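Observations on chain architecture
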Amino acid sequence: SGGLRWERYKSRFKGAPPAPNLRRTDDHVTWRAGLTYKPVPSLSLYAGAGTSVNPSIENMTQTNVSPDLAALEPERSRTYEVGAKWDGFGGRLLLTAALFRTNKHNARTDGLAGVPEVGLAGKQRVDGFELGATGRLSEQWSIIASYTYLDSEILKSNDPAEVGNRIRNVPDHSGSLWMLYELPQGIEVGGGVRYVGERFTNETNARRIGDYWVADATVGYDISQKTTLRLNVFNIFDERYIDQVGGGHFVPGAGRSAIATLAFGM
């Protein structure tokens, strides 16, 4: 019976075209440059620019990969940024602010009739700013906070319905807040939240996914001067949320989890 099943299996796939054996190699030079000015010792003002590339390696992993997809060049981006950093109160508080713009001048877009299914004729732009604070509110209490605003826009696309829309999976608002407090006897407790705002799942902005909050916590104990026991709990309330979207599917965020560590110093 085993031989009969094998013959049926072979006959079922007889004549099926073999999967294409495709490969590509990309070599690119990117650059970054910046300038910093300190009007006073505690304040730094800076400006910078740089380039980056986004290879289309994920196209090689698709089940329906084609020579046209394999031949797709990487997307190219250029970023401009200005910002400031202030280190005050004797180094107890660091405040940062940044204003930036990223242009992608050969973004992927659906191909026109009679040409490959995906082309690099699109243009996209993201303007945004970021605020951050790191420091100690007291000898025992420390804080880390950040907030980011992103204004994304599709400037050019082969699909007119996409022009002027937001870029997929780019939230307007996101941020985090984390606090730690040191108790007597070498005990440290802390917790915080992470927030990601609403996002669209496609360039036509026909579908969107909601925002979410995730809470984390930690507790540590110094067993000795060089040995620390710590427990970290992530997504305490087991929030269900979508982490990534694309390709007709979504990737759920990690559920509640915990990690215990024992660290030794020399």
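Scroll up to find the structure.
Below: a short report on this structure. What you are looking at is a predicted structure, and each value in this text was computed from that prediction instead of being measured.

This brings us to the overall build of the protein. For the protein, the count of helices and strands is 2 helices and 15 strands. Here the protein holds 266 residues, and the buried ones make up 27% of them.

Let us now look at the packing of aromatic side chains. Overall, the coordinates contain 5 aromatic pairs when judged by the stated rule. Ring geometry for Trp86 and Phe89: centres 5.8 Å apart, planes at 80 degrees, overall edge-to-face. Among the residues examined, Phe89 registers a relative accessible area of 61% and is labelled exposed. Ring geometry for Tyr195 and Trp213: centres 4.6 Å apart, planes at 40 degrees, overall tilted. Remark: Trp213 occurs in strand β11 (residues 212-224) and Tyr195 occurs in strand β8 (residues 187-196); sequence separation between them is 18 residues. An aromatic cluster is defined as three or more aromatic residues linked by ring pairs; in this entry it consists of Phe129, Tyr147 and Tyr149. Here Lys85 stacks its cationic end above the ring of Tyr46, 6.0 Å away from the centre of that ring.

So, about the layout of surface pockets. Of the voids in this model, the second largest pocket is the one considered here, and its volume is about 270 Å³. Lining the second largest pocket we find 16 residues, and of these Thr102, Lys104, Val126, Ile167 and Val170 sit closest to its centre. Looking at the lining of the second largest pocket, the elements that each hand over two or more residues are β2 (43-54), β4 (93-110) and β5 (118-136). Of all the elements, β4 adds the most residues to the lining of the second largest pocket, at 4 residues. Of the residues that constitute the lining of the second largest pocket, the class distribution is 7 nonpolar, 7 polar and 2 charged.

Here we come to the sheet that holds β4. Ordered in space as β1-β2-β3-β4-β5-β6-β7-β8-β11-β12-β15, the 11 strands form an open sheet in which the pairing is antiparallel. Taken across any chain shown, the strands that pair with only one partner, and hence form the sheet edges, are β1 (32-40) and β15 (257-264). Taking each pair of neighbouring strands and ignoring which way they run, the sheet shows an average axis angle of 15 degrees. Looking at chain direction, strand β3 (residues 75-88) and β4 are connected through 12 bridges and run antiparallel. Within β4, the position partnered with Trp86 by the bridge is Leu95.

With that out of the way, let us pick up the environment of Ala254. With respect to the helices and strands, the residue Ala254 is situated in the loop between β14 (249-252) and β15. What makes Ala254 exposed here is its relative accessible area of 53%. Separated by 20 residues in the primary sequence, Ala254 and Phe234 place their C-alpha atoms 8.5 Å from one another. What Ala254 contacts, discounting residues up to four positions off in sequence, is Asn235 and Tyr241.

Turning to the pattern of salt bridges, a few remarks are in order. Applying the stated criterion to the full structure yields 11 salt bridges. Arg166 serves as the salt-bridge partner of Asp172, at 3.4 Å between the closest nitrogen and oxygen. According to the relative accessible area criterion, Asp172 is partly exposed, its value standing at 21%. Among the ionic contacts, a cluster of salt bridges with common partners joins Arg101, Arg125, Asp127 and Glu153.

Now for the side chain of Glu75. Structurally, Glu75 is set in strand β3. A polar side-chain atom of Glu75 sits 3.4 Å from a polar atom in the side chain of Lys104. Setting aside its immediate chain neighbours within four residues, Glu75 contacts Ser52, Val53, Asn54, Lys104, Asn106, Ala107, Arg108 and Leu120.

A word on unusual backbone geometry. Trans is the prevailing form of peptide bonds, just as negative phi is the prevailing case for residues other than glycine. The phi dihedral of Asn205 is positive, around 60 degrees, even though this residue is not glycine. Mapped onto the secondary structure, Asn205 falls in the loop between β9 (199-200) and β10 (208-209).

Conventions and cut-offs
- Residues numbered from 1 in each chain as written.
- Predicted model: local features only at pLDDT ≥ 70, side-chain atom pairs only at ≥ 80, totals over all residues.
- Heavy atoms only, no water.
- Helix = DSSP H or I, 4+ residues; strand = E, 2+ residues; numbered from the N terminus.
- Buried < 20%, exposed > 50% of the residue type's maximum accessible area, 1.4 Å probe, protein only.
- Phe/Tyr/Trp six-rings, centres within 6.5 Å; stacked < 30°, edge-to-face > 60°.
- Lys NZ or Arg CZ within 6 Å of the ring centre and 35° of its normal.
- 1 Å grid on protein atoms, 1.4 Å probe; cavity = no way out; pocket = protein on both sides within 12 Å on 5 of 7 lines; lining within 4 Å.
- Points joined across faces, edges and corners; volume = space filled by probe spheres on them.
- Nonpolar A, V, L, I, M, F, W, Y, C, P; charged D, E, K, R; others polar.
- Pairing = 2+ DSSP bridges.
- Axes fitted to C-alpha atoms, helices over the stretch in contact; angles between N-to-C directions.
- Contact = heavy atoms within 4.5 Å.
- Salt bridge = Lys/Arg side-chain N within 4 Å of Asp/Glu carboxyl O.
- Polar contact = N/O pair within 3.5 Å; in protein donor to acceptor, adjacent residues only side chain to side chain.

The quantities given are spatial measurements derived from coordinates; they are silent on function.
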